[in-house]
Amino acid sequence: MDKFGKAQPVKRVEDVRFLTGQGRYSDDIAPENALYGYFLRSQVAHADITTLDTSDAAEMDGVVAIFTADDLNKAGVTGDCSGAAVTNRDGTKGAKPRRPTLAEGRVRFVGETIALIVATNLNAARDAAEMIEVDFDERPVHLGQKPGGTAIHDEAPNNQAFDWGLGDEAATNAAFDAAAHTVSLEVEDNRVIATSMEARAVWAEPVEGRLHVNISGQGVWNPKSAIAKYLNMSKDDVRVTNPDVGGGFGMKAMTYPEDLAIAFAARTLGQPVRWFAERGESMMSDNAGRDLVSLAEFAFDADHKITAYRLKTHCNLGAYNSGFAQFIQTELFSKVLTGTYDVPAGYMNVVGTYTNTTPVDAYRGAGRPEAIYVLERLIDHAARELGVDPWDLRRKNFIRPDAFPYTTVTEQPYDVGEFAKVLARVEAECDKAGFPARKAEAAKRGKLLGQGLCYYIESILGAPDETTRVVFENGGAKLFVGTQSNGQGHETVFASFLSDHTGIPMERIELVQGDSDAIPSGGGTGGSRSVTVQNTATLANVDKMIEGFTAFLAELEGASATDISFDDERFRIPGSNLTPTMLEVADLAREHGRDDLLDVSATIKLDNRSFPNGAHVAEVEIDPETGVTEVVRYTVTDDFGNLINPMLVEGQIHGGVAQGIGQAITEHVVFDEDGQLLTASFMDYGLPRADNMPMIDFTTEGTPSLYNPMGMKGCGEAGTVGALAAVSNATLDALSEVGVTRVDMPFTPLRVWEMIQNAKADAAA
Amino acid sequence: MYNFEFSKPSTVADAVAALASEDAQALGGGQTLLPTMKQRLAQPETLVSLTGIDELKGVCQGDNGAVVVGGATTHATVAADAAALYPALAALASHIGDPQVRNRGTIGGSLANNDPAACYPAAALGSGATITTNKRDIAADDYFQGMFTTALEEGEIITSVSFPVPEAANYQKFVQPASRFAMVGIFVAKYSDGVRVAVTGASEDGVYRWSEAEAALSSNFSASALSDLSVSSDGMITDLHATAAYRAHLVKVMTGRAVAAAS
């Protein structure tokens, strides 16, 4: 523990910069002479473009160029940014239709890019966009999560993108046939818009025959490959950088048409071109999250032990096949399909659907919040149906500590878990015993109080390999990392970790990230991977540094290398008064011409990732007269193994829970029947605000992971994974008193009031 | 935003003259107009700012005891300076928008725009206020003429608003969960000659008086006086945040809460 997890609540060194307006985001650092890009977007959800005439617009003052799909074609740029496809149950591949950079005679969602206007100033570009003559011949739209309707793509005649399955269907069905009890529940998981504080941004600049593209993103190597391929350039000729990034949440992990179009424009014009999305553009065109409906079923034996789990899901992919979209509700969902329960048989079937809406892809947790949401709603429902306590039903079905290592029905190798112990801790922390008194007090005020539990497990994902490079220069060290901060505090956590293990003062460590010229490869941020993979690589790197310096000192001092030790601060050499620090040895090495010791890299690959888990308990208070639903008490006990920086961990949980409460209570994406996005601004899209958030009581009950040397477990997405079902189960618990039997997020005042009215009407009927 | 001319006169007379030019538009705090212009949904040739006219600013008590608010007075100023004179009015002003909005937005701007989800129209109508312009005095009952529609003529400027101070009053705002505008807002004011109840946010006709509630409350100023009343959903706004039936329901609930808070 001391060696690898010196848990220190080191304050974030980057916050002074961020909080005093000194952050440098993409649009802050665009070249001064950059031209402004502006996209003409579709105003209709599904149509053929019958007229697209840019000639008048092109003549306007300040306009440098207007590009349409024809211009891309004429330039021989014919690539697209369609993502990968899953393999269907019948062995074929999922439908992977082309996703044009600029619309090719047809538009499929409101906000789709049609033309790129490049001008000397933004106002001129906007003026020109209004002068472009464009006519649409509208087609019928298809919405919702299930296939059907008029085909949006030739490749998917019924709008079905894929039909994917995993598990042992026959064994599962047999278990259901033999079950003493079965329960089933249909659950909707509402669509959300990511709404990063900093909207998407990109600028591109030709530099001495190469192209430098700066993106507000989650890593530089994927866009580098995509842009090089798209522009038929050598990868060596493309440099991609990520500056300070104001939130990504998975939404910024994918390559977008705007990225490719801006790169094309800069290359074509030989001048830098910049683009920064307006909020409304972001809401229309950023990949959305969730948007699925599942029918989930449990089979139980007579003793209420789960014997099988069966799931049928329909998910909405939006209008195109975004980068990783087909994998979210399939493979990623499957990682935690059966959660923390000992389930002998399971089967899941997922159908993906194309619709005339904004594409849907990864959003904080990407598949795992969705899986846990369904599962934890179902087990609460099962407890109701079976007439048993929902906490007891979970306890009875937990994978027991002596069953580890445990392989789930979806082949996930859980290493450790002490679920009952964590549950006991949260039971005390949340004062479960005091709930009846709190409920009675709320009732006196005319309010309904409900309590809900979610016991989640997470599966850390993202690239399993990572590199750390350390270069000694200018009396300090540069730390090169392949992960990418989107605001999580990487500058602090990576530098303090290196400092802990080398004694190099933190203020002498400079973090270098987000530059494909400076760092040859890396996995970026995603899947809660960053600290686990990066610090594992840093540990390997520290070993190499110590080894190299030890050999150097042995030679210098005429000592045996095996006698020299390093105690995390100084080298100790028997018989010598010399006790140099690592920086001092670096200086010595430089004096002796040993520059080879001053630039050290190490690459690691983890065989397995970790499985963070924990319990969220929400208490929700509802005003039955108005439907207003508030989360009034929130308790989290997590098992993140060993903590690296407890303060940053807690911050991740706060943010994750806020996004979970947002989806559960306030965030509600609405398209009208024509496919127009009605919630395209913060006037109608309800982001959670500070007063929607309760104080969060956060504790940890760690069982170290066996899969990385630090024994840690990733925490970036866990808060969101736990929050959805905790809040929803609490809401149903509160509303069950007035006869409500089914609740689906989001619990806006109108929706909750209508649930109550419908229950009253049903009771009266 | 499209380009426009800008003037900032220091007298009402100069402002009236500036507004006489074609496609000129008065600018109060700009909390509605500027976002609209940024989205290119409005294109005035000239903006005439009223915030440089000192005589339009401030809160005072008139000879008849009424609280008089200058047309270009910000919500923050009303919240602070009317607190002792007319607490319910000050409380309403203190909950409009956020601090940025309250320090820019003005009462004249709000009443001239007459957004159906704005708070101030409920206070003006609920208090039986008098809206004074550069030309005339207009009773609140005559002033509000439907969503975004008022008795103001082209180029007419609200110079002040005079609020008779009631014996008891309260404003209850049920916020639209995203924008936090009033989805239903109820201003109840009890005067010696009767109770006034003004409803904002709910009706397709903008702010209105709920006369049945006024009659019931005038004889018995307690929430229980409303129990036999029902609110029709006819003419109520339906949008993605609330149906007409829900808004109608909330009108009654929030009126009861306003009465309970005032009495």
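Nothing here was measured: the structure is a model prediction, and the numbers come from that model.

Some details on the layout of surface pockets
Point 1. In this structure, the second largest pocket spans a volume of roughly 650 Å³.
Point 2. In terms of lining, the second largest pocket is formed by 25 residues, of which the most central are A:Val628, A:Glu630, A:Asn692, A:Pro749 and B:Val175.
Point 3. Where the lining of the second largest pocket is concerned, the elements lending two or more residues are strand S27 (613-622), strand S28 (629-639) and helix H17 (646-666) of chain A together with strand S9 (168-175) and helix H10 (244-262) of chain B.
Point 4. Broken down by class, the residue content of the lining of the second largest pocket amounts to 13 nonpolar, four polar and eight charged.

Concerning the pairing of strand S1 (residues 35-41) of chain A
All names here are of chain A.
Point 1. Most of S1 sits inside the fold, with six of its seven residues counted as buried.
Point 2. In this structure, S1 lies alongside strand S13 (residues 273-276), joined through two bridges in parallel fashion. Paired with Tyr36 across the two strands is Arg274, which belongs to S13.
Point 3. Looking at chain direction, S1 and strand S5 (residues 113-119) are connected through six bridges and run antiparallel.

A closer look at H17(A)
Point 1. With 21 residues, H17(A) should reach 30 Å at 1.5 Å per residue; the first-to-last C-alpha distance of 29 Å fits that figure.
Point 2. In terms of burial, H17(A) is a largely internal element, 15 of the 21 residues being buried.

What to know about the nonpolar core
Nonpolar side chains tend to gather and get buried jointly when the protein is soluble and globular.
Residues and elements named next belong to chain A.
Point 1. Ranked by internal contacts, the top residues of the largest apolar core, which has 115 residues, are Phe298, Tyr309, Tyr634, Phe640, Val727 and Leu735.
Point 2. It is helix H18 (residues 718-735) that provides the largest number of residues to this core, a total of 11 residues.
Point 3. Look past the residues within four positions of Phe640 in its chain and what remains in contact with it is Tyr456, Pro612, Val649, Ile653, Phe698, Gly711, Met712, Lys713, Gly714, Cys715 and Ala718.
Point 4. If you look at the next biggest cluster of nonpolar residues, it comprises 41 residues, including Leu35, Ala69, Trp275 and Phe480.

What to know about the interface of chain B and chain A
Point 1. The interface of chain B with chain A comprises 21 residues on the first partner and 23 residues on the second.
Point 2. The junction of chain B with chain A conceals about 1900 Å² of combined surface from both sides, 52% of it contributed by carbon and sulfur atoms.
Point 3. Broken down residue by residue, the surface that chain B buries against chain A is led by B:Arg40, B:Arg180 and B:Leu240, which jointly contribute 32%.
Point 4. At the boundary of chain B with chain A, the tally comes to five salt bridges.
Point 5. Salt-bridge contacts for A:Asp691 lead to B:Arg180; the nearest nitrogen and oxygen are separated by 2.7 Å.
Point 6. Along the contact surface separating chain B from chain A lie 16 residue pairs in polar contact (both at pLDDT 80 or more).
Point 7. A total of six residues in the side of chain B that touches chain A trace back to one element, the largest contributor, which is H10(B).

So, the sheet that holds strand S2 (residues 24-27) of chain B
All names here are of chain B.
Point 1. With parallel pairing, three strands are arranged side by side in an open sheet as S1-S3-S2. Since the sheet does not close on itself, it has two edges, and those belong to strand S1 (5-7) and S2, each with one partner. Across the sheet, the mean angle from the axis of one strand to that of its neighbour is 25°, orientation sign disregarded.
Point 2. Examined bridge by bridge, S1 and strand S3 (residues 46-49) share three bridges and lie parallel to one another. By the bridge assignment for S3, Phe6 is matched with Leu47.
Point 3. Packed on one face of the sheet, helix H1 (residues 12-19) meets S1, S2 and S3 and runs near 145° to S2.

Let's talk about unusual backbone geometry
Residues and elements named next belong to chain A.
Point 1. The omega torsion of the bond from Phe404 to Pro405 falls at 0°, within 30 degrees of zero and hence cis.
Point 2. Relative to the helices and strands, Pro405 resides in the loop between helix H11 (390-397) and strand S18 (406-407).
Point 3. Along the chain, Met745 connects to Pro746 via a cis peptide bond; the corresponding omega equals -5°.
Point 4. One non-glycine residue, Arg290, lies in positive phi territory at about 65°.
Point 5. Mapping Arg290 onto the fold places it in the loop between strand S14 (288-289) and strand S15 (292-300).

Observations regarding the packing of aromatic side chains
Residue and element names in this part refer to chain A.
Point 1. If you walk through the whole model with that rule in mind, you get 23 aromatic pairs over all chains.
Point 2. Relative to Tyr455, the ring of Phe419 lies with its centre 5.6 Å away and its plane at 65°, an arrangement referred to as edge-to-face. Taken as a pair, Phe419 in helix H12 (residues 419-429) and Tyr455 in strand S20 (residues 448-457) lie far apart in primary sequence, 36 residues in all. The exposure classification of Phe419 matches that of Tyr455, with both residues buried.
Point 3. Within the aromatic cluster, the residues linked to one another by ring pairs are Tyr341, Phe398, Phe404, Phe419 and Tyr455.
Point 4. Above the ring of Phe176, the side-chain terminus of Arg310 is found at 4.0 Å from the ring centroid.
Point 5. When the ring centre of Trp391 is taken as origin, the NZ or CZ atom of Lys432, which lies over that ring, is 4.7 Å away.

What counts, and at which threshold
Residues numbered from 1 in each chain as written. Chains lettered and ligands numbered in written order. Predicted model: local features only at pLDDT ≥ 70, side-chain atom pairs only at ≥ 80, totals over all residues. Heavy atoms only, no water. 1 Å grid on protein atoms, 1.4 Å probe; cavity = no way out; pocket = protein on both sides within 12 Å on 5 of 7 lines; lining within 4 Å. Points joined across faces, edges and corners; volume = space filled by probe spheres on them. Helix = DSSP H or I, 4+ residues; strand = E, 2+ residues; numbered from the N terminus. Nonpolar A, V, L, I, M, F, W, Y, C, P; charged D, E, K, R; others polar. Buried < 20%, exposed > 50% of the residue type's maximum accessible area, 1.4 Å probe, protein only. Pairing = 2+ DSSP bridges. Expected span 1.5 Å × (residues − 1). Core = buried A, V, L, I, M, F, W, Y, C linked by side-chain atoms within 4.5 Å. Contact = heavy atoms within 4.5 Å. Buried area = accessible area lost by both parts, 1.4 Å probe. Salt bridge = Lys/Arg side-chain N within 4 Å of Asp/Glu carboxyl O. Polar contact = N/O pair within 3.5 Å; in protein donor to acceptor, adjacent residues only side chain to side chain. Axes fitted to C-alpha atoms, helices over the stretch in contact; angles between N-to-C directions. Phe/Tyr/Trp six-rings, centres within 6.5 Å; stacked < 30°, edge-to-face > 60°. Lys NZ or Arg CZ within 6 Å of the ring centre and 35° of its normal.

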